[in-house]
Amino acid sequence: MAQSGVSPYENRFLAWINHAGDVVFFALEISRNLGKGIRSRSMVPLIFQIGVRSLGVILFTGAFIGMVLAIQAQMQLAAYGISTRLGQMVNLSVVRELGPVLAAVMLAGRVGGAIAAELATMRMSEQVDALECMGVDPIAHLVAPRFWACLLLVPTMTVFANFMGMLGGWFVATELYFVEPYHYWYHARANTTWWDHLMGLSKAFFFGGAIGLFACHRGMTAFGGAQGVGRSATSAFVACFIAIMVLDFFLGLMFSRLTPFIAPVARGGL
Amino acid sequence: MTLESDPDLPVVGEGGHIPSTLGAQPLLEMRSVSMRFGQTGVLRDISLGIAAGSSVAIIGESGCGKSVFLKLLIGLLTPSSGSVHFGGTSLAEMRASDLMRLRMRFGYLFQSGALFDSLSVFENIAFGLRQKNKGKEREIDEIVRERLTEVGLPLTALHRMPSELSGGQRKRVGLARALAMNPEIMLYDEPTTGLDPIMSDIINELILRVGESHPGMTSLVITHEMKTVFRVADRVIMLQPLALVPPGEAQVLFDGTVGALRLSPDPRVQEFIRGDASRRIQSASERDALIHTPLDMPPGGLHP
């Protein structure tokens with residue numbers, strides 16, 4: 001309901017500002033407890049849950065992205081008679097962009113929603129209150145370890161996605177389009193530098209932070225019973241997805257500005 | 001086996017017990033406390049004190065703010081206005097770390113037990129002790145077994161998960177978990193709600209026994225059930241839902257001894273004691289009030 005003298009649009013804008021401020025304060029709370037989070041006993045189970053259990057789906061997605069990319073790229077490159085450069089095309093796309101983004105999106109769906117739902121359930125069933133009553137800070141005990149797990153495991157999963165993407169591209173290029181494996185790997189290696197890997201993994205690191213932040217925030221601020229748990233899981237995924245896309249744009253822009261300065265060094269002065 | 005109280009926090013007497021007198025100050029105090037969730041008011045201008053060592057029951061209809069009252073006392077919620085004091089110190093003025101340590105002096109039995117569902121019964125009871133490094137693993141093991149026995153559960157329950165327990169067993173484990181920290185103040189949030197009469201009686205007996213075996217412990221029990229009130233309390237505070245409070249009247253409808261409660265001339269108190277809603281049902285104007293609670297609740301219930 002609009003307050004007197006304030007239009008519904010202004011009200012919505014104020015609510016949005018309020019929400020953004022809430023997320024910023026939540027992020028500050030997490031940053032204050034990062035030291036406790038990394039030492040938490042729950043880190044190992046979380047790494048298993050977020051990392052090991054997500055590995056299958058990451059490997060599967062990575063392989064198919066590489067294969068699809070090879071098909072699409074081959075159509076373009078064949079027109080210029082340079083199908084031998086498929087390795088370069090697939091590897092650069094996967095390492096710089098698709099690997100981190102897809103690994104992050106998969107984890108946002110699989111892990112972000114699960115984290116939000118778990119924390120929301122704990123909030124509804126007063127388990128979070130019970131923690132506080134025992135003098136335990138729920139941010140340090142519940143949120144910080146999950147944030148760390150996302151922060152560390154999205155880049156790790158990205159490495160696996162990249163690896164499978166390269167293999168998927170290699171499989172399609174050599175088996176379907178009869179590109180010589182030597183040419184595929186030669187161009188892949190010659191044109192992919194440490195800077196490309198660093199760009200991709202840096203993005204993954206930021207994506208992991210965004211997943212940890214939004215998933216935990218949605219879970220810890222959930223209300224409204226079972227419906228609230230479902231709502232928090234859905235809104236966590238949406239928020240994580242939007243954050244990944246927005247971060248990808250700005251990080252991409254930033255890296256593209258830095259590349260002219262760093263790429264000559266990274267490419268051995270070429 | 002006893003656990004030491006925190007020496008840095010105020011009002012600890014000798015032997016780990018809170019002294020029964022704190023000058024003129026009550027142990028816990030609310031000063032003009034009001035609480036709103038968005039547009040919905042729950043508590044308005046509540047001022048009262050709880051003496052150390054007393055056993056207080058807080059009663060009232062659903063939605064009158066009993067659980068909110070308890071969460072305000074322990075600092076889980078912050079009042080919209082007014083202040084909550086522990087031993088004369090305002091909770092709002094305490095540093096977060098001090099408030100955390102203060103909470104460890106409370107035991108809280110939640111409505112649902114609020115057991116950590118990823119931990120076994122043993123781990124649930126040991127949780128607070130481990131987090132605060134209260135003793136070595138062997139001592140913790142001993143405390144856990146003692147507390148489980150105290151609440152009348154067999155030691156075979158130690159390695160069961162909360163999902164394998166009945167409602168009554170969950171509450172008993174919740175009580176054992178609260179007692180493991182050797183609290184000075186016990187807060188019970190509807191300890192018998194949802195239990196059959198036999199199990200309710202067992203829980204009431206446990207609350208009584210806890211009071212007897214921990215002399216000096218202050219207890220606050222939120223309940224709808226008069227049997228619980230008459231068994232465990234020496235003072236009763238009755239709240240009325242804010243929507244039903246007549247203009248100019250306080251939200252605290254009754255504050256006195258159990259004996260005085262039985263003799264209260266207020267028909268609303270007597271109706272609540274007897275569980276008799278016939279006057280309301282017959283009265284057209286009050287029939288609207290009868291269903292006030294769900295309509296006044298914000299979507300999704302009350303939340304900060």
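Caption draft 1: Inspection of the overall build of chain A at higher detail. When you go through chain A residue by residue, the secondary structure sums to nine helices and zero strands. The contacts of chain A with a sequence gap of at least 6 include a subset with a gap of at least 24, amounting to 84%. Computing the positive centroid from 17 side-chain charges and the negative centroid from 13, chain A places the two 5 Å apart.

Caption draft 2: Expanded view of the domain arrangement of chain B. Residues and elements named next belong to chain B. Each assigned domain of chain B is listed with its residue range as follows: domain 1 (25-264) and domain 2 (265-294). Between the C-alpha centres of domain 1 and domain 2 there is a distance of 27 Å. The interface is formed by 21 residues belonging to domain 1 together with eleven residues belonging to domain 2. Across the interface of domain 1 and domain 2, roughly 1300 Å² is buried in total on both sides, 65% from carbon and sulfur atoms. A salt bridge links Arg268 to Glu249, with the nearest nitrogen and oxygen atoms 3.0 Å apart. For the pair domain 1 and domain 2, the number of links is six residue pairs in polar contact (both at pLDDT 80 or more). Here the side of domain 1 that touches domain 2 is composed, by residue class, of twelve nonpolar, six polar and three charged.

Caption draft 3: Spotlight on the packing of helix H6 (residues 138-175) of chain A against helix H8 (residues 194-220) of chain A. Residue and element names in this part refer to chain A. Where H6 meets H8, the axes come as close as 8 Å, and the angle between the chain directions of the two elements is 145 degrees. At the point where H6 passes H8, the crossing takes the right-handed sense. The residues of H8 that touch H6, namely those facing Pro138, Val143, Arg146, Phe147, Cys150, Leu151, Val154, Pro155, Thr158, Val159 and Met166, are His197, Leu201, Ala204, Phe205, Phe207, Gly208, Gly209, Ile211, Gly212, Leu213, Cys216 and Met220.

Calculation rules
- Starting afresh in each chain, residues are numbered from 1 along the sequence in its written order.
- Whichever chain is written first becomes A and whichever ligand is written first becomes 1, with later ones labelled in order.
- With pLDDT at 70 or above as the cut-off, local features in this predicted model cover only qualifying residues; side-chain atom pairs require 80 or more to be listed or tallied, and sums for whole chains, interfaces and linings still use all residues.
- Side-chain figures throughout are based on the complete set of non-hydrogen atoms in the structure, without hydrogens or water.
- Put simply, DSSP H or I for four residues or longer makes a helix, DSSP E for two residues or longer makes a strand, and each gets a number counted from the N terminus.
- Contact criterion: two residues are considered in contact whenever any of their non-hydrogen atoms come within 4.5 Å of each other.
- In this tally, Lys and Arg are treated as positive and Asp and Glu as negative; His is ignored, and so are the chain termini.
- Every charge is mapped to an atom, namely NZ of Lys, CZ of Arg, CG of Asp or CD of Glu.
- Those domain boundaries reflect an automatic or database domain assignment.
- Here's the idea: put two parts together, see how much 1.4 Å probe accessible area each one loses, and the total over both is what we call buried area.
- When a carboxyl oxygen of Asp or Glu is within 4 Å of a side-chain nitrogen of Lys or Arg, the pair counts as a salt bridge.
- By the criterion applied in these results, polar contacts are pairs of N or O atoms within 3.5 Å in which, for protein atoms, one can donate a hydrogen and the other can accept it, and in which residues neighboring in sequence qualify only through two side-chain atoms.
- Amino acids outside the nonpolar list (Ala, Val, Leu, Ile, Met, Phe, Trp, Tyr, Cys, Pro) and the charged list (Asp, Glu, Lys, Arg) are all regarded as polar, and Gly is one of them.
- Fitted lines through C-alpha atoms give the axes, limited to the stretch in contact for helices. The angle between two N-to-C directions lies from 0 to 180 degrees.
- Note on convention: near helix rotated counterclockwise from far helix by under a right angle means a left-handed crossing. Clockwise means right-handed.

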